[in-house]
Amino acid sequence: MNEMETIIFGMISHVGSARSSYLEGLRAARTGDFTEAESKIEEGNESLKAGHSVHHQLIQKEASGEKVEIQLLLVHAEDLLITTETLREVVIEFVNVYKRMEK
């Protein structure tokens, strides 16, 4: 595995962890465990932030003149990043809906 693939797999790992945390948070909210839901959302936010950091490093490399090879694996990682950002927003909204229903 070359350096670029290692970087991309790191990004995929962080973002995949975020995705899992968000879904766990949603499941917790569905059962009324809002403390756990909020904890999982925060955990997901930290993982997503780490994934963004890796992505930002790649952008910085390119901005400094270093060629960043576009490969299918990078496209997949970026797709996972974008869909996880969307999932985060949806989960937050659903948690709020579950909270209102609980009242």
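Residues numbered from 1 in each chain as written. Predicted model: local features only at pLDDT ≥ 70, side-chain atom pairs only at ≥ 80, totals over all residues. Heavy atoms only, no water.

### A few points about the overall build of the protein chain
Across its full length, the protein chain carries three helices and zero strands. The linear arrangement of helices and strands in the protein chain, starting from the amino end, is α-α-α. Taken over the C-alpha trace, the protein chain has a radius of gyration of 16 Å; the compact-globule value for 103 residues is 13 Å, which it surpasses by more than 25%. With respect to the three principal axes, the spread of C-alpha positions in the protein chain is 55 × 25 × 20 Å. Across the protein chain, the fraction of contacts at a sequence separation of at least 24, relative to all contacts at a separation of at least 6, is 79%. As displayed, the protein chain has an accessible area near 6500 Å², and 54% of this comes from carbon and sulfur atoms. Side-chain charges in the protein chain split into 11 positive and 18 negative, and the spacing between the mean points of these groups amounts to 7 Å. (Helix = DSSP H or I, 4+ residues; strand = E, 2+ residues; numbered from the N terminus. Rg over C-alpha atoms; globule rule 2.2 N^0.38 Å. Contact = heavy atoms within 4.5 Å. Areas by Shrake-Rupley, 256 points an atom, 1.4 Å probe, with all protein chains shown as cover. Lys, Arg positive; Asp, Glu negative; His and termini not counted. Charge placed at Lys NZ, Arg CZ, Asp CG, Glu CD.)

### Topic: the packing of helix α1 (residues 3–30) against helix α3 (residues 72–102)
Here α1 crosses α3 at 15°, and the two axes come no closer than 9 Å. Between α1 and α3, the interaxial angle falls into the category roughly parallel. For the element pair α1 and α3, the recorded crossing hand is left-handed. Tallied by class, residues from the contact of α1 with α3 come to 21 nonpolar, five polar and five charged. (Axes fitted to C-alpha atoms, helices over the stretch in contact; angles between N-to-C directions. Parallel < 35°, antiparallel > 145°, perpendicular 65-115°, else oblique. Left-handed = near helix turned anticlockwise from the far one by under 90°. Nonpolar A, V, L, I, M, F, W, Y, C, P; charged D, E, K, R; others polar.)

### Concerning the side chain of Thr 84
Mapped onto the fold, Thr 84 is located in helix α3. The class for Thr 84 is buried, based on a relative accessible area of 0%. Ignoring any residue separated from it by four or fewer positions in sequence, one finds Thr 84 in contact with Val 15, Ala 18, Arg 19, Tyr 22 and Leu 48. (Buried < 20%, exposed > 50% of the residue type's maximum accessible area, 1.4 Å probe, protein only.)

### Comments concerning the nonpolar core
Tyr 22, Val 91 and Val 95 are the most contacted members of the largest nonpolar core, which totals 26 residues. Taken together, the elements giving at least two residues each to this core come down to α1, α2 (34–63) and α3. In terms of residues, this core owes the most to one element, α1, which gives 11 residues. (Core = buried A, V, L, I, M, F, W, Y, C linked by side-chain atoms within 4.5 Å.)

### Things to note about a nonpolar patch on the surface
A contiguous nonpolar patch, built from Ile 70, Leu 72 and Val 75 and spanning about 340 Å² of accessible area, is present on the exposed surface. You can see Ile 70 is positioned in the loop between α2 and α3. Ile 70 sits in the exposed class, given a relative accessible area of 59%. (Patch = residues over 30% accessible without salt bridge, like charges linked within 9 Å, V, L, I, M, F, W, Y side chains within 5 Å. Salt bridge = Lys/Arg side-chain N within 4 Å of Asp/Glu carboxyl O.)

### Side note on α1
In this model, α1 (28 residues) spans 41 Å end to end at C-alpha, consistent with the 40 Å of a helix rising 1.5 Å per residue. Two or three places before Met 4, at the opening of α1, Asn 2 has a side-chain oxygen 3.0 Å from that residue's backbone nitrogen. Of the residues flanking the end of α1, it is Gly 32, one or two places downstream, whose phi is positive at about 90°. (Expected span 1.5 Å × (residues − 1). Polar contact = N/O pair within 3.5 Å; in protein donor to acceptor, adjacent residues only side chain to side chain.)

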